[in-house]
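Analysis of the macromolecular model
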Amino acid sequence: VQLQASGGGSVQAGGSLRLSCAVSGRTFSGYSMGWFRQAPGKEREFVAAIGWSGGSTYYADSVKGRFTIIRDNAKNTVSLQMNSLKPEDTAVYYCAVTTGFTVPTRYWGQGTLVTVSS
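The notes below deal with the structure included here. (Residues numbered from 1 in each chain as written. Predicted model: local features only at pLDDT ≥ 70, side-chain atom pairs only at ≥ 80, totals over all residues. Heavy atoms only, no water.)

**Looking at the sheet that holds strand S1 (residues 2–6)**
Strand order in this open sheet of 4 strands is S1-S3-S8-S7, and the pairing throughout is antiparallel. The open sheet has two edge strands with one neighbour each: S1 and strand S7 (67–72). On average, each strand axis in the sheet is inclined to that of its neighbour by 15 degrees, with strand direction left out of account. In terms of strand pairing, S1 meets strand S3 (residues 17–24) through 5 bridges, oriented antiparallel. Opposite Ser6, over in S3, you have Ser20 as the bridge partner. (Pairing = 2+ DSSP bridges. Helix = DSSP H or I, 4+ residues; strand = E, 2+ residues; numbered from the N terminus. Axes fitted to C-alpha atoms, helices over the stretch in contact; angles between N-to-C directions.)

Put into structure tokens, the structure is as follows:
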């Protein structure tokens, strides 16, 4: 299975970005998906996850109310809409196939850098 993340970039605080993750090589619709991030000098952390049908979503407290995870099973994509970005959101963001919604498996995208300036 291959995951290809895109959409990162630089934005000022308060701005928005939308990350996308395209999945190929397996049946996408039967698995939960998640986004994780790793800031410089910190461990990778959970950001958001979505169930196979899109009906269940989970968010880290730090992004709740600002980020929205969406999936399109017809297009094999999962997206992360990020609004009201803060400098502390600066990190490399990764998409992953998850189990139990929030636990990553060995299937990861390559990461996309998000930089938020104050």
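**Considering the side chain of Arg37**
With respect to the secondary-structure elements, Arg37 resides in strand S4 (residues 32–38). At a separation of 3.4 Å, a polar atom in the side chain of Arg37 contacts the side chain of Ser62. Reaching out from Arg37, the side chain makes a polar contact with the side chain of Asp89 at a distance of 2.9 Å. (Polar contact = N/O pair within 3.5 Å; in protein donor to acceptor, adjacent residues only side chain to side chain.)

**Focus: the pairing of S7**
Burial along S7 is one-sided: the face carrying Phe67, Ile69 and Arg71 is buried and the face carrying Thr68, Ile70 and Asp72 is not. Following S7, the chain reverses through 4 residues before pairing antiparallel with strand S8 (residues 77–82); Asn76 in that reversal takes a positive phi of roughly 55 degrees. (Buried < 20%, exposed > 50% of the residue type's maximum accessible area, 1.4 Å probe, protein only.)

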